[in-house]
Structure formats: structure tokens, C-alpha cells
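Residue-level structure breakdown
Below, each chain spelled out in residue letters.
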Amino acid sequence: MPLAFPSRSHGTVVFGFYNVETDSLLLEDLSFFCTDFCGALAEISPTSGGAVRLPGYRFASRRAIGDLMGAIRGDRLVGYLGEVYRMWPFPEDPTGFRQKLEGHRNRPEVERLLARWARKAAIPVAWGPAQDLATVGPYEFSATQFRALLEYVVRGGYPTWEGFLEEGACPPWVRAMAELWGVDT
């Protein structure tokens, strides 16, 4: 479930996984896959910085994104999130509310849905340690704020990765990003 995080540029922003059956992330009006996000960060040096382009999608409006809480409840299945939750409803059993380690396997179906509601975008991601500035698209974060986003991804968001308390429970690409960026797993 996406959570509220502070940013330098836009005040409080929404960031996170939005359905336990996919590894897709939402940052306000941007959507991108955890696999790509971690891969992009692997191309940036935590000590000297750098910039890359992250493949993703941009929604034109909140209406196109949909209503997350309504989708979770199953009573307001509108926009992109409505379609996602039609395909993968919220688990009836609360023990099933865990971010799936194999969520990346549903990427083709998620991309098909995204293509209906958002446009493809090459999202600039940059880190400048001298400026204490990380950017993801137009969103700017201090090192502390950005680290909170990375910690969220490593945890598997809320409710955490399936089996998170087990050794190595996060996917290997997440673990590799965490090791590079010095985030505890």
C-alpha cells in the first residue's frame, strides 16, 4: 500500500506498491516497476552520484489513476487501479496481504492495463550527493527522504514482502540495490 512521504519539491507525496500481486510502484502520477527502479539505482553511484532514465508511465490525471481505497474495498473500481483490483482483488484472508516475491511475473498484464490509462515515459532519476538531492521525475528528495523510499522498497512496502522475516525474503534485484545503497535488508 502506498504511504505518504515528505519531498523537498512537492510536500507530502504518495509512494509505494499498490497491489500485492505486482511489483509496480506509484509515485504520485508516475508508475514504474520495482525491477526497473532497482536496476536504475544500480547504475547510479551512491557516493559520486549520477543520472539515468527509468522506463515508466505518467498518468494525465487522478481520475485516470483511480481510487485506491475504493479499489481495495471493491466498491469503487474506477480508473487504472479499479482495473488492477478487478484482476487481482484484495485478499479476503488478511494473512494473504503480503507483497508477493513473484509479482514481477504479472508485469505483462500490468503493462497492458497501464497502456490504457497512462502514457509511457522515460523518467529521469538522479542523485547528487554534493547537493543532497535525489530526483525521480519532477519529485525532489533529500538524502534522508530518498533513503526512506529505498527502505520502503526493501521492506516490500506495507505489508512487507511475503516471508520478509525469513533470510533473503526480498527479491534478488531489491537485495542488490539495498547492498549498493547501504540499506539494511
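Placed above this text is the structure.
Calculation rules
- Residues numbered from 1 in each chain as written.
- Predicted model: local features only at pLDDT ≥ 70, side-chain atom pairs only at ≥ 80, totals over all residues.
- Heavy atoms only, no water.
- Helix = DSSP H or I, 4+ residues; strand = E, 2+ residues; numbered from the N terminus.
- Rg over C-alpha atoms; globule rule 2.2 N^0.38 Å.
- Buried < 20%, exposed > 50% of the residue type's maximum accessible area, 1.4 Å probe, protein only.
- Areas by Shrake-Rupley, 256 points an atom, 1.4 Å probe, with all protein chains shown as cover.
- Lys, Arg positive; Asp, Glu negative; His and termini not counted.
- Charge placed at Lys NZ, Arg CZ, Asp CG, Glu CD.
- Pairing = 2+ DSSP bridges.
- Axes fitted to C-alpha atoms, helices over the stretch in contact; angles between N-to-C directions.
- Contact = heavy atoms within 4.5 Å.
- Parallel < 35°, antiparallel > 145°, perpendicular 65-115°, else oblique.
- Left-handed = near helix turned anticlockwise from the far one by under 90°.
- Nonpolar A, V, L, I, M, F, W, Y, C, P; charged D, E, K, R; others polar.
- Phe/Tyr/Trp six-rings, centres within 6.5 Å; stacked < 30°, edge-to-face > 60°.
- Disulfide = S-S within 2.5 Å.

1. Notes on the overall build of the chain
The helix and strand tally for the chain stands at seven helices and eight strands. A compact globule built from 185 residues would reach a C-alpha radius of gyration of about 16 Å, and the chain, at 16 Å, matches this within 12%. Principal-axis analysis of the C-alpha atoms gives the chain an extent of 45 × 40 × 30 Å. Residues classed as buried in the chain amount to 48% of the 185 residues present. For the chain, the accessible area works out to roughly 8800 Å², and carbon and sulfur atoms hold 53% of it. Distance between charge centres in the chain, computed from 19 positive and 22 negative side chains, equals 7 Å.

2. So, unusual backbone geometry
Positive phi values are uncommon outside glycine, yet Glu28 reaches one of about 55°. A positive phi angle, close to 50°, is found at Asp132, a residue other than glycine. For Asp132, the location among the structural elements is in the loop between β6 (118-128) and β7 (133-136). Taking relative accessible area as the criterion, Asp132 reaches 30% and is therefore assigned partly exposed.

3. Structural notes on the sheet that holds strand β3 (residues 24-27)
The strand order across the open sheet built from eight strands is β1-β2-β3-β4-β5-β6-β7-β8, with neighbouring strands paired in antiparallel fashion. Sheet topology places β1 (3-6) and β8 (139-141) at the edges, where each strand pairs with a single neighbour. Each strand of the sheet is rotated relative to its neighbour by a mean of 30°, with strand direction disregarded. Across four bridges, the pairing between β1 and strand β2 (residues 12-17) is antiparallel. Across the sheet, Ala4 pairs through a bridge with Val14, a residue of β2. Of the strands in this sheet, β2, β3, β4 (30-33), β5 (50-59) and β6 are in contact with helix α1 (residues 34-42), which crosses β4 at around 80°.

4. Examining the packing of α1 against helix α7 (residues 172-181)
Where α1 contacts α7, the axes come no closer than 9 Å and their chain directions differ by 30°. Taken together, α1 and α7 sit at an angle that is classed as roughly parallel. Two packed elements cross with a definite hand, and for α1 against α7 that hand is left-handed. Facing α1, whose interface residues are Cys34, Thr35, Cys38, Leu41 and Ala42, α7 presents Trp173, Val174, Met177, Leu180 and Trp181. Looking at side-chain class alone, the contact of α1 with α7 contains nine nonpolar, one polar and no charged residues.

5. With respect to the packing of aromatic side chains
Scanning all chains against the criterion turns up 13 aromatic pairs. On the numbers, 6.3 Å between centres and 55° between planes, the contact of Phe15 with Phe37 is tilted. With a gap of 22 residues between them, Phe15 in strand β2 and Phe37 in helix α1 connect regions that are remote in the sequence. Given a relative accessible area of 1%, Phe15 falls into the buried group. On the numbers, 6.0 Å between centres and 70° between planes, the contact of Phe146 with Trp181 is edge-to-face. Note that Phe146 is positioned in helix α6 (residues 143-155) and Trp181 in helix α7, a separation of 35 residues in sequence. As far as the burial class goes, Phe146 and Trp181 line up, both buried. An aromatic cluster is present here, built from Phe5, Phe15, Phe17, Phe32, Phe37, Tyr152 and Trp161 joined pairwise through their rings.

6. Side note on the state of the cysteines
Counted by the stated rule, this structure contains zero disulfides. Unpaired in terms of disulfides, Cys38 finds its nearest cysteine sulfur in Cys34, a separation of 4.0 Å. Cysteine Cys170 remains unbridged, with the sulfur of Cys38 as its closest cysteine sulfur at 8.5 Å. Relative accessible area serves as the criterion here: at 5%, Cys170 is assigned to the buried category.

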